[in-house]
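What follows is each chain in one-letter form.
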Amino acid sequence: MRRRTFIKLLAAGSVAACARPAHATIRGLTMGTSYTVELAAPIDDAVRTRLTELIEDELAAINRAMSTYDSRSELSEFNRRQDLRWVPASRGLLEVLDRASQISTASQGAFDVTVGPLVDLWGFGPEYRPRRVPDDAMIERARQSVGYQHVQADLSAGAIRKRDSRIQVDVCAIAKGYGVDRVAMILDRQGIHDYLVEIGGELRARGTTAAGRRWQVGIERPVEGKHVLGEIVALDNRAIATSGTTQDFFEQDGRHYSHIIDPMTGRPVEHPAMAASVIADTTMEADAWATALIVLGPERGYSLAQARGLAAMLVTASGSNFDVRVTDTFRAHLVG
Ligand code: AMP
Ligand code: MG
């Protein structure tokens, strides 16, 4: 969804860590970043062409539904609406908004797709405003139109609505995950069962690598402008997503302002450089929770993840070291 491809590419949170794990790779660009599909078994040219077409079509459809960088997308149109009545929505947008709303409730509002006006105000949105600290009155004004309860999705009716006309929805923190899940579904339907799908550092793996081993994924440390590999996890039919305060940010007067906004304060999260990784059944869920845990911070995030049985790892920079907290359900995935 974001156009800052360069930053995103440099800052992918989770990376495939195996040497020569795949026999076939399909790559492309989507959502302001790149995607990679690794297949354990070789495919012939006809299958490659067909698969690439299916994947590209699906990703293009997701962008047409949810990109806030495309003013003609379904979501951009919804954002412009002043009308509070229910409006029919595409299946994808419904699913994403429904899941987002559940995770907002479960994270006590830390995850909130209505942060759009704040994301824009701080210069991280499609408006391309200069990145600098806005004045308090502007933050307060933008904050007034934020609140996850003000957007509703009714899956059975196939419709969505605003409960406040000023609401601006931004699904950047969950859409990449959704995209990975959709690409995985395409592979499943084509009878392909050994793969690793990745969009902008959010991944989902199924089956085994070409060498018959479980797919392994390395997790990057929250370090500005550098790739520093931390823990490695093995995935079997699971997804992993990583969010971090060093993935996209600006600095002013020696302070660090991240692209992840605390909906309560209307400001970028304030704790030290931090990354959160979540392993879940779906990438959409892992993606949203990773963002939520960053907002909650190392202590509250860890407690909530542990209490909910979430498989999560929270890494906080402390001087030149890292404080690593791993929930019980995450530990089982660690390699070595
Ligand atoms: P991610 O990289 O998945 O953590 O998503 C970060 C992006 O989600 C940001 O660039 C914003 O567009 C948006 N965002 C920022 N803060 C939040 C939040 N608290 N809840 C949901 N989305 C957010
Ligand atoms: Mg996310």
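In what follows, the structure referred to is the one given above.
Numbering of residues starts from 1 in every chain and runs along the sequence as written. Here chains are named by letter from A upward and ligands by number from 1 upward, in the order in which they appear as written. Since the coordinates come from a predicted model, pLDDT governs what is reported: local features require at least 70, and pairs of side-chain atoms require 80 or more to be given and counted, while whole-chain, interface and lining totals use all residues. The side-chain values count all of the structure's non-hydrogen atoms but skip hydrogen atoms and water molecules.

Caption draft 1: Examining the sheet that holds strand 7 (residues 195–199) more closely. Think of it this way: DSSP has to see at least two bridges between two strands before they count as a pair. Secondary structure elements follow DSSP: runs of H or I no shorter than four residues count as helices, runs of E no shorter than two count as strands, and numbering proceeds from the N terminus. Read from one edge to the other, the open sheet built from 8 strands follows the order 2-3-7-8-11-16-17-18, with strand pairing classed as antiparallel. Bordering the open sheet on either side are strand 2 (24–30) and strand 18 (321–326), each of which pairs with just one other strand. Across the sheet, the axes of successive neighbouring strands diverge by a mean angle of 10°, strand direction being ignored. Two strands pair when backbone bridges link them, and strand 11 (residues 238–244) and strand 16 (residues 274–280) are joined in this way by 6 bridges, in the antiparallel orientation. Its bridge partner lying in strand 16, Thr-242 is registered against Ser-277. Each of strand 2, strand 3 (33–39) and strand 7 is contacted by helix 2 (residues 45–66), which is oriented at about 25° to strand 2, the strand it contacts most. Inter-axis angles, ranging from 0 to 180 degrees, are taken between N-to-C directions of lines fitted to C-alpha atoms, where helices are fitted over the stretch in contact. Every residue pair with non-hydrogen atoms within 4.5 Å of one another is taken to be in contact.

Caption draft 2: Expanded view of the coordination of the magnesium ion (ligand 2). Metal donors were taken as nitrogen, oxygen and sulfur atoms no farther than 2.8 Å from the ion, or 3.2 Å where the ion is Na, K or Ca. Water is excluded, so coordination may look unfinished. For the magnesium ion (ligand 2), the protein coordination sphere consists of Ala-173 (O), Asp-287 (O), Asp-287 (OD) and Thr-291 (OG1), at 2.0 to 2.4 Å. The sequence motif formed by the donor residues of the magnesium ion (ligand 2) is A-x113-D-x3-T. Note that Ala-173 is positioned in the loop between strand 6 (159–162) and helix 7 (175–189) and Asp-287 in helix 8 (residues 283–308), a separation of 114 residues in sequence. By relative accessible area, which is 22% here, Ala-173 ends up partly exposed. Exposure categories follow from relative accessible area, calculated using a 1.4 Å probe and restricted to protein chains: below 20% of the type maximum is buried, above 50% is exposed, and the middle band is partly exposed.

Caption draft 3: Representation of the packing of helix 4 (residues 91–106) against helix 8 within the structure. Relative to each other, helix 4 and helix 8 sit at 5°, their axes nearing to 10 Å. Accordingly, the angle class assigned to the pair helix 4 and helix 8 is roughly parallel. Contacts from Glu-95, Val-96, Arg-99, Ile-103 and Ala-106 in helix 4 reach Met-284, Glu-285, Ala-288, Trp-289, Leu-304 and Arg-308 in helix 8. Amino acid classes used here: Ala, Val, Leu, Ile, Met, Phe, Trp, Tyr, Cys and Pro are nonpolar; Asp, Glu, Lys and Arg are charged; the rest, including Gly, are polar. Among the residues making up the contact of helix 4 with helix 8, the classes are represented as 7 nonpolar, no polar and 4 charged. Throughout, the term roughly parallel applies to angles under 35 degrees, roughly antiparallel to angles over 145, roughly perpendicular to angles from 65 to 115, and oblique to all others.

Caption draft 4: Representation of the pairing of strand 2 within the structure. Of the two faces of strand 2, the one holding Ala-24, Ile-26, Gly-28 and Thr-30 is buried and the one holding Thr-25, Arg-27 and Leu-29 is not buried anywhere. Pairing between strand 2 and strand 3: 7 bridges, direction antiparallel. If you follow Ile-26 over to strand 3, its bridge partner there is Val-37. Joining the antiparallel neighbours strand 2 and strand 3 is a turn of 2 residues, in which Met-31 adopts a positive phi near 50°.

Caption draft 5: Representation of the site of ligand 1. Each residue is tested against the molecule or strand, and it is near if at least one of its non-hydrogen atoms lies within 4 Å. In the vicinity of ligand 1 lie 19 residues, with Ala-110, Asp-170, Ser-243, Ile-261 and Thr-291 positioned nearest. A distance of 2.7 Å is found between an oxygen atom of ligand 1 and a side-chain nitrogen or oxygen belonging to Thr-291. Working definition of accessibility: Shrake-Rupley area with a 1.4 Å probe, residue cover restricted to the visible protein chains. Coverage of ligand 1 by the protein chains reaches 100% of its 500 Å² of free accessible surface. In the shell around ligand 1, the residues fall into 10 nonpolar, 4 polar and 5 charged. The definition of a polar contact used here is a pair of N or O atoms within 3.5 Å, where within protein one atom must be able to donate a hydrogen and the other to accept one, and adjacent residues in sequence count solely through side-chain atom pairs.

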